[in-house]
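The chain contents come next:
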Amino acid sequence: MRKGLHTFLEGVLLIFSSQLLLTLGGGMLSFIAMAPILLFSIGHGTGKTIVLSVINLIVIVLTSVVLDHPWEAGKLGWIFLMLTMYFPLSLSAAGIIWLKTRGDHRLIGRLMKTLIPSLILLAVYALIIFTDKALPDAIIDSFRNVFASLFAPVLEALFPGLDSGILFNLVMITLLSFIYPVLLASVCAGCFIYETALHSRESEWEREVIAFGYPPDAVWGFIITWALVLILRFVSAPLLLEIAAMNAAGIWAVLYAIQGFTVVAARIRRRHENVKSMTIFIVLAIFGLVIPGINFIILIGLPLVGVLESFFDLKKLGADYEDHS
């Protein structure tokens with residue numbers, strides 16, 4: 001009885017933590033919101049964690065319904081609720097797949113599997129939205145009105161004569177172009193926190209983090225997708241193709257940011273052996289989210305360092321570390 005109560009209270013605390021991360025700092029910490037739910041599996045297994053994930057999603061939906069009153073806007077209100085749920089639903093499904101694929105040591109393939117539910121969900125959303133011919137325009141008009149009310153006065157004051165409509169289109173295209181890189185980065189962050197907690201008592205964990213690397217041929221995925229993005233800048237192509245290419249290239253950038261992180265961790269730990277990879281991750285995450293200028297360097301620098309590691313031994317560790325790719 002006491003054990004069951006302890007499990008219940010732990011689940012409530014982790015759900016509260018996940019909800020807090022989704023909203024804290026205007027949602028800036030939502031990229032690690034799946035971590036608390038994953039941590040539950042360490043002591044209670046995958047089955048109970050799936051149940052907790054479902055409960056967590058129910059709480060998210062009910063909270064959104066209570067706060068946003070979607071019924072007041074009719075069908076459009078429920079569509080906006082549905083769009084709001086895309087990120088939490090995708091993250092929850094990704095977390096479950098990560099747990100279910102625990103025996104798969106091919107990181108790229110494993111991470112790609114975590115994105116499958118979000119792609120299926122996107123197809124379902126598209127089917128719902130585009131079956132009503134008037135709905136897409138209504139959604140875009142609503143977003144445009146929100147954008148105009150929030151940003152147009154500021155932009156007009158800063159840049160007189162600026163066409164806010166063009167800026168709105170640019171912002172929307174940019175957001176759509178980075179949906180999956182942001183989602184994958186969130187999955188990677190949550191999974192790294194979970195894996196570090198899972199292996200926290202293993203003396204070899206830090207060595208495994210530092211030793212991680214992709215097969216050399218994997219870099220072609222990065223090169224080809226970014227080459228495609230560059231080509232589409234100079235040829236006429238459908239906008240959806242450009243957005244899809246940017247998402248694919250962004251995914252490879254996130255993947256190589258992981259390898260870049262291991263290079264940074266290796267070089268830091270060569271001089272400061274007691275510094276943990278989680279500490280380095282937290283510092284980089286804070287700089288990457290909060291400090292203007294530094295965040296740009298981190299977002300661009302980590303993938304480039306990861307790509308360069310495929311051609312040069314930036315870690316300079318030689319045979320002291322085993323490749324765990």
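None of these values were measured; they are calculated from a predicted model.

About the cut-offs
- Residues numbered from 1 in each chain as written.
- Predicted model: local features only at pLDDT ≥ 70, side-chain atom pairs only at ≥ 80, totals over all residues.
- Heavy atoms only, no water.
- Core = buried A, V, L, I, M, F, W, Y, C linked by side-chain atoms within 4.5 Å.
- Buried < 20%, exposed > 50% of the residue type's maximum accessible area, 1.4 Å probe, protein only.
- Contact = heavy atoms within 4.5 Å.
- Helix = DSSP H or I, 4+ residues; strand = E, 2+ residues; numbered from the N terminus.
- Lys, Arg positive; Asp, Glu negative; His and termini not counted.
- Salt bridge = Lys/Arg side-chain N within 4 Å of Asp/Glu carboxyl O.
- Disulfide = S-S within 2.5 Å.
- Phe/Tyr/Trp six-rings, centres within 6.5 Å; stacked < 30°, edge-to-face > 60°.
- Lys NZ or Arg CZ within 6 Å of the ring centre and 35° of its normal.
- Axes fitted to C-alpha atoms, helices over the stretch in contact; angles between N-to-C directions.
- Parallel < 35°, antiparallel > 145°, perpendicular 65-115°, else oblique.
- Left-handed = near helix turned anticlockwise from the far one by under 90°.
- Nonpolar A, V, L, I, M, F, W, Y, C, P; charged D, E, K, R; others polar.
- pLDDT = per-residue confidence, 0-100.
- Patch = residues over 30% accessible without salt bridge, like charges linked within 9 Å, V, L, I, M, F, W, Y side chains within 5 Å.
- Areas by Shrake-Rupley, 256 points an atom, 1.4 Å probe, with all protein chains shown as cover.

1. What about the nonpolar core?
One broad trend across soluble globular proteins is that nonpolar side chains are buried collectively.
Piece 1. If you look at the biggest cluster of nonpolar residues, it comprises 64 residues, and the most contacted ones within it are L111, L184, Y214, L255 and Y256.
Piece 2. Leave out the neighbours within four places in its chain, and L255 touches I108, L111, M112, L184 and Y214.

2. Observations concerning the side chain of R110
Piece 1. Relative to the helices and strands, R110 resides in helix α5 (residues 107–130).
Piece 2. Of the buried charged residues, R110 lacks a salt bridge, with E195 as the closest side chain of opposite charge at 4.1 Å.
Piece 3. Once residues within four sequence positions are removed from consideration, R110 is found in contact with W98, T101, R102, D104 and E195.

3. Some words on the state of the cysteines
Piece 1. Under the definition given, this model contains zero disulfides.
Piece 2. No disulfide involves C188; its sulfur sits 7.0 Å from the nearest other cysteine sulfur, which is in C191.

4. Overview of the packing of aromatic side chains
Piece 1. Tallying each qualifying case throughout the model produces 10 aromatic pairs.
Piece 2. Feature note: the residues F212, Y214, F222, W226, W252 and Y256 constitute an aromatic cluster, connected by ring pairs.
Piece 3. It is R110 that lies over the ring of W98; its NZ or CZ is 3.6 Å from the centre.

5. Some remarks on the packing of helix α8 (residues 179–198) against helix α11 (residues 239–271)
Piece 1. Between α8 and α11, the least distance of the axes is 7 Å, while the angle of their chain directions is 30 degrees. One element, α8, and the other, α11, form an angle in the roughly parallel class. When the axes of α8 and α11 are compared, the crossing they make is right-handed. Each of I179, Y180, P181, L184, A185, C188 and F192 in α8 lies in contact with α11, whose residues at this interface are N247, G250, I251, V254, L255, I258 and F261.
Piece 2. Partitioning the contact of α8 with α11 into residue classes produces 12 nonpolar, two polar and no charged.

6. Some words on the environment of V124
Piece 1. Following the sequence through the fold, V124 ends up in helix α5.
Piece 2. Separated by 107 residues in sequence, V124 and S17 place their C-alpha atoms 29 Å apart.

7. Quick notes on the confidence of the model for the chain
Piece 1. Chain-level statistics for the chain give a pLDDT mean of 85 and a share of 92% at 70 or above.
Piece 2. For the chain, per-element mean pLDDT is lowest for helix α6 (residues 135–158), which scores 78, and highest for helix α10 (residues 219–232), which scores 94.
Piece 3. Low pLDDT (under 50) marks residues 317–325, which in the prediction has 21 contacts with non-local residues, meaning those over four places away or in another chain.

8. Here's the deal with a nonpolar patch on the surface
Piece 1. A grouping of I282, V283, I286, F287, L289, V290, I294, F296, I297, L299, I300 and L304 is seen on the molecular surface, where their side chains present a nonpolar patch of about 1,100 Å² in accessible area.
Piece 2. For the nonpolar patch, the elements supplying multiple residues, two or more each, are α12 (277–290) and α13 (294–309).
Piece 3. Relative to the helices and strands, I286 resides in helix α12.

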